[in-house]
Amino acid sequence: MRKAAVTTVSTVAGVILLLSLKPHQSPAATVAEPSPSTPPSSTGSASTSPSTTHTPGGTSGTYTGSVINTSYGPVQVSVTLSNGKITGVKALRTPSDRPRSQQIAADAVPQLTREALSAQSAHIDAVSGATYTSEGYTRSLQSALDKAGV
């Protein structure tokens, strides 16, 4: 009789735990352009900068990518090009609603930036443990590169 009670209680507890879990969402984030209610980015602009130039050697200037909304918050980057080559990538927005999200972004963004500079594209590997931030970063970077036409 005692085993039956323990088994029943364990089963009920297991079902309750399973039902309380959030459904898993895919790492694919949705793209959202900044809206009037979106706080301004540190560049003050969500489009290409006025310093953009097209030279025979390639495109130069700073381009701001789209805001990519992830499950943990928005991600947005800007890319600086010189003669068509990526010379800098700056994270304008990263998930920051929770201390853990801030820690993950602080660890992942420098790695993603190094990879982007090395690869000279948005085709970079995700950082382990930062799948959503990595996905948002690469998608925003790609949108900035698309705006630059590279």
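Described below are features of the structure shown in this document. (Residues numbered from 1 in each chain as written. Predicted model: local features only at pLDDT ≥ 70, side-chain atom pairs only at ≥ 80, totals over all residues. Heavy atoms only, no water.)

**Considering the packing of aromatic side chains**
Two aromatic rings, taken as a pair, are described by how far apart their centres are and by the angle between their planes. For the structure on display, the rule yields one aromatic pair. A centroid spacing of 5.3 Å and a plane angle of 65° characterise the contact between tyrosine 72 and tyrosine 132, whose relative ring orientation is edge-to-face. Of this pair, tyrosine 72 sits in the loop between strand S4 (67-70) and strand S5 (73-82) while tyrosine 132 is found in helix H3 (residues 131-148), placing the two residues 60 residues apart along the sequence. For tyrosine 72, a relative accessible area of 35% corresponds to the partly exposed category. For tyrosine 132, a relative accessible area of 15% translates into the label buried. (Phe/Tyr/Trp six-rings, centres within 6.5 Å; stacked < 30°, edge-to-face > 60°. Helix = DSSP H or I, 4+ residues; strand = E, 2+ residues; numbered from the N terminus. Buried < 20%, exposed > 50% of the residue type's maximum accessible area, 1.4 Å probe, protein only.)

**Concerning unusual backbone geometry**
Of note, asparagine 83 is a non-glycine position whose phi angle comes to about 55°, a positive value. Checked against the element boundaries, asparagine 83 lands in the loop between S5 and strand S6 (85-93). A residue is classified by how much of its surface remains accessible, and asparagine 83, at 41% relative accessible area, is partly exposed. You will see that glutamine 120, though not glycine, has its phi angle at about 60°, which is positive.

**Quick notes on the packing of helix H2 (residues 99-119) against H3**
In helix packing, the relevant descriptors are the interaxial angle and the interaxial distance, both defined with respect to the helix axes. Put simply, H2 and H3 touch, their axes get as near as 10 Å, and they point 40° apart. One finds that H2 runs oblique with respect to H3. Here H2 runs over H3; the crossing is right-handed. Along its contact with H2, which presents Ile104, Val109, Leu112, Thr113 and Ala116, the element H3 presents Thr133, Ser134, Tyr137 and Leu141. Grouping the amino acids of the contact of H2 with H3 by side-chain chemistry returns six nonpolar, three polar and no charged. (Axes fitted to C-alpha atoms, helices over the stretch in contact; angles between N-to-C directions. Parallel < 35°, antiparallel > 145°, perpendicular 65-115°, else oblique. Left-handed = near helix turned anticlockwise from the far one by under 90°. Contact = heavy atoms within 4.5 Å. Nonpolar A, V, L, I, M, F, W, Y, C, P; charged D, E, K, R; others polar.)

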